[in-house]
Amino acid sequence: MHELLRLDTRHVWHPYGPMPATVPPLLVEEASGVRLRLADGTELIDGMSSWWAVVHGHRHPVLDAALREQAGRMSHVMFGGLTHEPAIRLATNLVDLTPDGLEHVFLCDSGSVSVEVALKMCLQYWRSLGRTKKTRMLTWRGGYHGDTFHPMSVCDPEGGMHALWRGVLPEQVFVPEPPPGFDAPVDQSYVDVLVRAVEEHADELAAVVVEPVVQGAGGMRFHNPDYLRVLREVTERHDVLLVFDEIATGFGRTGAFFAAEHAGVTPDVFCVGKALTGGYLTMAATLCTPRVADGISRGEVPVLAHGPTFMGNPLAAAVANASIGLLADGSWRDEVRRIERALTEGLAPAAEVPGVLDVRVLGAIGVVQLDRPVDMAVATETLTSRGVWLRPFRDLVYTMPPYVTSDADLALVTEAMVATARVLTA
Ligand code: PMP
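Rules and cut-offs
Numbers given for residues are sequential positions, taken from 1 along each chain in its written order. A pLDDT threshold of at least 70 governs which residues receive local features in this predicted model, and a stricter bar of 80 or more applies before side-chain atom pairs are shown or counted, although totals over entire chains, interfaces and linings include all residues. Side-chain calculation: all heavy atoms of the structure are included, whereas hydrogens and water are not. Helix and strand assignments follow DSSP, with helices taken as H or I runs no shorter than four residues and strands as E runs no shorter than two, numbered in order from the N terminus. Here the globule rule reads 2.2 Å times residues to the power 0.38, and the radius of gyration is calculated from C-alpha atoms. Three labels apply to residues, based on accessible area from a 1.4 Å probe with only protein chains included: buried if under 20% of the type maximum, exposed if over 50%, partly exposed otherwise in between. Here, two residues are considered to be in contact whenever any of their heavy atoms come within 4.5 Å of each other. To measure how exposed things are, a 1.4 Å probe is used in the Shrake-Rupley method; for residues, cover is taken only from the protein chains shown. Charge convention: Lys and Arg are scored as positive, Asp and Glu as negative, and His as well as the terminal groups of each chain are ignored. A single reference atom marks each charge: NZ on Lys, CZ on Arg, CG on Asp, CD on Glu. The pairing criterion is simple: DSSP has to find at least two bridges between the two strands. One speaks of a salt bridge when a side-chain nitrogen belonging to Lys or Arg is within 4 Å of a carboxyl oxygen belonging to Asp or Glu. Here the axes come from fitting lines to C-alpha atoms, over the contacting stretch only for helices, and the angles between their N-to-C directions go from 0 to 180 degrees. Under this scheme an angle from 65 to 115 degrees is roughly perpendicular, one under 35 degrees roughly parallel, and one over 145 degrees roughly antiparallel; angles in between are oblique. By definition, turning the near helix anticlockwise from the far helix through less than a right angle yields a left-handed crossing, and turning it clockwise yields a right-handed one. Polar contacts, as counted here, are pairs of nitrogen or oxygen atoms within 3.5 Å of one another; within protein the pair requires one atom able to donate a hydrogen and one able to accept it, and residues that are adjacent in sequence qualify only if both atoms are side-chain atoms. As used here, the term nonpolar core means buried Ala, Val, Leu, Ile, Met, Phe, Trp, Tyr and Cys residues forming a set that is joined through side-chain atoms within 4.5 Å. Here, proximity means that at least one heavy atom of the residue falls within 4 Å of the molecule or strand. Three classes are used: nonpolar for Ala, Val, Leu, Ile, Met, Phe, Trp, Tyr, Cys and Pro, charged for Asp, Glu, Lys and Arg, and polar for all others, with Gly counted as polar. Here a patch means residues that are over 30% exposed by relative accessible area and free of salt bridges, tied together within 9 Å if like-charged and within 5 Å if nonpolar (Val, Leu, Ile, Met, Phe, Trp, Tyr). Expected span of a helix, by definition, is 1.5 Å for each gap between consecutive residues, and there is one gap fewer than residues. In this context, the arc is that of the directions from the helix axis out to the C-beta atoms.

Caption draft 1: Representation of the overall build of the protein in the model. In terms of helices and strands, the protein carries 14 helices and 16 strands. Here the C-alpha radius of gyration of the protein, 21 Å, is about what a compact globule of 426 residues would show, namely 22 Å. With the C-alpha coordinates aligned to their principal axes, the bounding extent of the protein is approximately 60 × 55 × 45 Å. In the protein, which comprises 426 residues, the proportion classed as buried is 52%. For the protein, the share of sequence-separated contacts (at least 6 apart) that also reach a separation of at least 24 residues comes to 71%. Accessible area for the protein stands at about 18,200 Å²; split by element, carbon and sulfur atoms hold 55% of it. Where the 35 positive side-chain charges of the protein centre and where its 52 negative ones centre are 2 Å apart.

Here's what the structure looks like:
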């Protein structure tokens, strides 16, 4: 075994893994465009956009240049009492790009932290207004919002990775998962369930928190955007805030710049992350409306008591601005449409495989759902032997490729997914 891998196995904790690890990870030496180059010289297409973030591919010359240029000025200064152009430009860009009405931006270090901040904003808003009973969140099952404790409390309570923490996490209000299918007709009985749940719990609810249109790490499920309109209407009517977590869906992934656009809805609080920096550095943001910010500032404690050390990091902000700049000409829209067509065509044969329950595509997201849990060792071997890097979970083999992935590379990814579905269900 490579000396580095020996040390890795002995000392390094990997995501969602045991210590020591039971399966050694692959050692990556370089990444360029859509390809990862491993220590043994193997090249793999990064069909995951490195956990959905690297939308422009690796080592993009514009992003590399932005990072170098910023490092030549300053890599970091504290954000308490100081400010700087990269952060100011980023906040302004986000206000321009997100749904109308979101005007204030809290920059933070990761998606989970941005959800923490979102929930803190909502809880503090009601506290400031003297509505101290409004301390719970409502969400639908099948969601995922991060691994720190308050975000864990709004993740799916059964299927998620956090079932272990029942009794420790705050107990939130759960409704059933939204009926599947982006194009599926609205199910009126489900609308009634949503409306009734919000009505019934309104006095104790601070906010409704959901991933709009795509439930990602909770199961890669899509739903009709009309349910978001229902949530907006009922939360407004019953004095409950609405939070959209667009950490996975933001920056074009679903075919709209933000998934909220599919519904034409502005929530009160909005989280972005992942592709914000083109996948270069860790940064996320929580946006809110003036109503939320004003409410908080009217409270006994008029400040938002949150301030990470690396808040507004100039390197991350500069590369985020460059990434947003690359998206500004709108060509991502054609690329995502092209990827959607290629995934739809390429994954169609999977629907014929016995043992495949569902094949679904939305924007640059392609999912093959099996009737059994994925054997990770077999899946990884089948995929990597075909030059493709994917990280299936549960019963799902899925891809979220970088927008720059060529048709030829998309064909390799979809062929590898179909082959994997066949091998796993044989
Ligand atoms: N919300 C959503 C919708 C996510 O997909 C994720 C990450 N998969 C998070 C929150 C948490 O983000 P992070 O891993 O950056 O903490």
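Caption draft 2: Spotlight on the pairing of strand β16 (residues 396-399). The side-chain alternation of β16 yields two buried faces, one formed by Leu396 and Tyr398 and the other by Val397 and Thr399. Sheet topology note: the strand β14 (residues 365-370)/β16 ladder contains 4 bridges and is antiparallel. In the strand pairing of β16, glutamine 369 is matched with leucine 396.

Caption draft 3: Spatial organisation of the pattern of salt bridges. Counted by the stated rule, this structure contains 23 salt bridges. With its nearest N and O atoms 2.1 Å apart, the salt bridge here joins arginine 229 to aspartate 226. With arginine 229 and aspartate 226 both in helix α8 (residues 226-237) and 3 residues apart, this pair spans about one turn of that helix. Arginine 229 sits in the partly exposed class, given a relative accessible area of 37%.

Caption draft 4: Main features of the packing of helix α7 (residues 188-201) against α8. With their axes 10 Å apart at the nearest point, α7 and α8 run at an angle of 25° to one another. Our classification of the angle between α7 and α8 gives roughly parallel. The two elements α7 and α8 meet at a crossing, and its hand is right-handed. Side by side, α7 and α8 meet where Tyr190, Val191, Leu194, Val195, Val198 and Glu199 of the first sit next to Tyr227, Val230, Leu231, Val234 and Arg237 of the second.

Caption draft 5: Region of the structure containing the environment of aspartate 371. Note on placement: aspartate 371 falls in the loop between β14 and α13 (376-384). The class for aspartate 371 is partly exposed, based on a relative accessible area of 42%. It is 10 Å that separates the C-alpha atoms of aspartate 371 and alanine 421, two residues lying 50 residues apart in sequence. When sequence neighbours within four positions are dropped, the list of residues in contact with aspartate 371 reads Gly355, Leu357 and Thr425. At 2.7 Å, the side chain of aspartate 371 and the side chain of arginine 372 are in polar contact.

Caption draft 6: Geometry of the sheet that holds β16. Strand order in the open sheet made by the 3 strands is β13-β14-β16, with antiparallel pairing throughout. Of all the strands in the sheet, the pair left with one neighbour each is β13 (356-362) and β16. Taken over all neighbouring pairs, the strand axes of this sheet differ in orientation by 10° on average, direction set aside. Sheet analysis places β13 next to β14, joined by 6 bridges and oriented antiparallel. Paired with valine 359 across the two strands is valine 368, which belongs to β14.

Caption draft 7: Looking closely at the environment of tyrosine 227. As for its placement among the helices and strands, tyrosine 227 is situated in helix α8. Overall, tyrosine 227 belongs to the buried group, its relative accessible area being 1%. In sequence terms tyrosine 227 and alanine 364 are 137 residues apart; their C-alpha atoms lie 22 Å from each other. Once residues within four sequence positions are removed from consideration, tyrosine 227 is found in contact with Trp140, Pro178, Pro179, Pro185, Val186, Asp187, Tyr190, Val191 and Leu194.

Caption draft 8: Up close: the nonpolar core. Leu90, Leu94, Trp140, Phe251 and Leu276 are the most contacted members of the largest nonpolar core, which totals 88 residues. Take this core: its biggest share by element is 7 residues, from helix α14 (residues 407-425). Those residues in contact with phenylalanine 251 that lie beyond four places of it in its chain are Leu94, Phe257, Phe258, Val272, Gly273, Ala275, Leu276, Ile324, Leu327 and Tyr403. Within the second largest apolar cluster, 26 residues are counted, among which are Phe106, Cys122, Ala206 and Cys271.

Caption draft 9: Spatial organisation of the site of the ligand. Close contacts around the ligand come from Trp52, Ser110, Gly111, Ser112, Tyr144, His145, Gly146, Glu211, Asp245, Ile247, Ala248 and Lys274, and that covers them all. Here an oxygen atom of the ligand and a backbone polar atom of glycine 111 are 2.9 Å apart. Protein coverage of the free-state accessible area of the ligand, which is 390 Å², stands at 82%. Looking at the shell around the ligand residue by residue, the class counts come to 4 nonpolar, 5 polar and 3 charged.

Caption draft 10: Seen up close, a nonpolar patch on the surface. A cluster of nonpolar side chains, namely Phe149, Leu164, Trp165 and Val168, defines an oily patch on the protein surface of about 410 Å² accessible area. Looking at the secondary structure, you find leucine 164 in the loop between α6 (149-153) and β6 (173-175).

Caption draft 11: Expanded view of helix α4 (residues 85-97). When the terminal C-alpha atoms of α4 are compared, their 18 Å separation across 13 residues agrees well with the 18 Å that a helix rising 1.5 Å per residue should span. Of the positions making up α4, those classed as buried are Pro86, Ala87, Leu90, Ala91 and Leu94. The buried residues of α4 occupy an angular sector of 130° when the element is viewed end-on, so they sit on one face. Facing away from the buried side of α4 by over 90 degrees, the exposed positions are Glu85, Arg89 and Asp96.

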